[in-house]
Amino acid sequence: MHRAAALPKSIAALLRARSTAGCAMAASTPRVPLPRELLRPLAVPHRLLLGPGPSNVSPRVRAAGGQQILGHMHPEVLQVMDDIKAGIQYAFQTQNRLTLAISGTGHCAMEAALINLLEGNDTMLVGTNGIWGQRAADIARRLGAKVHELLKPPGEYFTLQDIQEGLAQHKPSMLFITHGESSTGVLQPLEGLGELCHRHGCLLLVDAVASLGGAPILMDQQGIDVLYTGSQKALSAPPGSSPISFSERAREKMLRRKTRPPSFYLDMDCLASYWGCSGEPRMYHHTVPISGIFCLREALAILAEQGLENSWEQHQAVCTRLCQGLQDLGLELFVKEEAVRLPTVTTVRVPEGYNWKEITAFLMDKHSIEISGGLGPTAGKVLRIGLMGYNATQDNVDRLLRALRDALQHCQHSRL
Ligand code: PMP
């Protein structure tokens, strides 16, 4: 009685009305009980993420994400978006005006590229030597494009000759290729590919989600028409913002479209206007994930401060040390040719008689280190170790090798 009397008049009146309204009010009474799990504090354990992504995020980038939110059209946020565009142009080595970050993960950038560049009658050639070519082919088929796949066994790459034959046979308007094939550990050579594609009237689309910042890629000099990456790999930012850039050739193809792209969210025309790429006043399109944008800005700033060439060298040095250490443990690298080993993600064969799941579980449980098993065509065959961005250090290589030695000793009971 005493408590009810203390209630503000308006709430007391509402409660009285509820208790007398009977069945009519029952419909507005919540029936799903409150989720007790949400009353516990959030628990995030400390782990070293040495799988193919995401990688650990540096304190500086995390601090950026912890800043207070601003409005998505506030001048400070628009400035951050401009900083990001300049950072992507540097990281991609491009002068392209149509350069921005997609609000979504790497798959979203892949879809953005395909949705904007393919129309019903287009033919796309896809280099499939792992899961990423399969995914691109899947998306392109959903869009109604004619898709031809050039197939290579996992662990191998495409030569100019392979591509030349595919272009001559299928006459595609676009070629999709993966620079860093993170499911197999292959680094696709890009030299000469842009020129070859352009000679055949074809655009070159490159997925650099797993390689950007970790291996050389020079968008303009290599004649790449569309390039995208993710934020959570060598940039070491949280997942969810994906840099992308389109050449003038690609832009012209988009301008020639007869139909509008079948996605509003990923329509590059609207995004260009929101990101201030079109020279026109900015138009609201969606709310950029503000915290993610702050993080991406800082991640690109760190890359710029370090310098691209230093970053490439750093990734190559840790990869070389890792590969040597793995071989010293008696393990066999999956990619035979050293020159095409992806510096960011190394694949190693699951040793004879071991169960890969027990090795990864042991590393997680005993050492709080994540590495992954294979993916798609390499599932069950390899372990994948990522050393990217903030995590690409000699110390992490040594820590992982010690933990792996331990795992190989302790998982012996799992010998088949
Ligand atoms: N392409 C490649 C080469 C990748 O490694 C990944 C992520 N593993 C993706 C695309 C997809 O990115 P996301 O998981 O961020 O959607």
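Keep in mind that this is a model prediction, so the values were computed, not measured.

### Thoughts on the overall build of the protein chain
So, step 1. The number of helices and strands found in the protein chain is 15 helices and 14 strands.
So, step 2. Each of the three principal axes of the protein chain carries a C-alpha extent, and together these read 85 × 60 × 45 Å.
So, step 3. Across the 416 residues of the protein chain, 52% fall into the buried class.
So, step 4. Looking at the protein chain alone, contacts between residues at least 24 apart form 72% of all its contacts between residues at least 6 apart.
So, step 5. Where the 41 positive side-chain charges of the protein chain centre and where its 38 negative ones centre are 10 Å apart.

### Let's talk about the pairing of strand β11 (residues 345-349)
So, step 1. When you tally the buried positions in β11, you get 4 out of 5 residues, the bulk of the element.
So, step 2. Pairing analysis gives 5 bridges linking β11 to strand β14 (residues 382-386), with the strands arranged antiparallel. Residue pairing for β14: Val-345 is matched across the bridge by Gly-386.

### Overview of the environment of Pro-153
So, step 1. By the secondary structure assignment, Pro-153 is in the loop between β4 (146-151) and α8 (160-170).
So, step 2. Spatially, the C-alpha atoms of Pro-153 and His-367 are 34 Å apart, while their sequence positions differ by 214 residues.

### Some remarks on the sheet that holds strand β13 (residues 372-373)
So, step 1. Spatial strand order, β11-β14-β13: 3 strands in an open sheet with antiparallel pairing. What marks the edges here is a single partner per strand, and that holds for β11 and β13.
So, step 2. Running at roughly 10° to β11, helix α13 (residues 308-328) makes contact with β11 and β14 of the sheet.

### Some thoughts on empty space enclosed by the protein
So, step 1. Scanning all chains against the criterion turns up 1 cavity of 30 Å³ or more.
So, step 2. Approximately 50 Å³ is the volume attributed to the largest cavity.
So, step 3. Looking at the lining of the largest cavity, the elements that each hand over two or more residues are α13 and β11.
So, step 4. Of the residues that constitute the lining of the largest cavity, the class distribution is 7 nonpolar, 3 polar and 1 charged.

### Considering the sheet that holds β4
So, step 1. The sheet built from 7 strands is open, its strands ordered β2-β10-β9-β8-β5-β3-β4 with mixed pairing. Each edge of the open sheet is held by one strand with a lone partner, namely β2 (98-103) and β4. Looking at each pair of strands side by side, their axes are set apart by 20° on average, direction ignored.
So, step 2. Pairing of strand β3 (residues 123-128) with β4 involves 6 bridges; the strand directions are parallel. If you follow Leu-125 over to β4, its bridge partner there is His-148.

### Digging into the pattern of salt bridges
So, step 1. Counted under the stated rule, the structure contains 16 salt bridges.
So, step 2. With its nearest N and O atoms 2.7 Å apart, the salt bridge here joins Asp-138 to Arg-142. Here Arg-142 and Asp-138 lie together in helix α7 (residues 131-142), a separation of 4 residues that amounts to about one turn.
So, step 3. On the basis of relative accessibility, which here comes to 33%, the residue Asp-138 falls in the partly exposed class.
So, step 4. On the basis of relative accessible area, Arg-142 is assigned to the exposed category, the value being 68%.
So, step 5. Residues joined in a network through salt bridges with shared partners are Arg-60, Asp-83, Arg-297, Glu-298 and Glu-305.

Criteria and thresholds
- Residues numbered from 1 in each chain as written.
- Predicted model: local features only at pLDDT ≥ 70, side-chain atom pairs only at ≥ 80, totals over all residues.
- Heavy atoms only, no water.
- Helix = DSSP H or I, 4+ residues; strand = E, 2+ residues; numbered from the N terminus.
- Buried < 20%, exposed > 50% of the residue type's maximum accessible area, 1.4 Å probe, protein only.
- Contact = heavy atoms within 4.5 Å.
- Lys, Arg positive; Asp, Glu negative; His and termini not counted.
- Charge placed at Lys NZ, Arg CZ, Asp CG, Glu CD.
- Pairing = 2+ DSSP bridges.
- Axes fitted to C-alpha atoms, helices over the stretch in contact; angles between N-to-C directions.
- 1 Å grid on protein atoms, 1.4 Å probe; cavity = no way out; pocket = protein on both sides within 12 Å on 5 of 7 lines; lining within 4 Å.
- Points joined across faces, edges and corners; volume = space filled by probe spheres on them.
- Nonpolar A, V, L, I, M, F, W, Y, C, P; charged D, E, K, R; others polar.
- Salt bridge = Lys/Arg side-chain N within 4 Å of Asp/Glu carboxyl O.

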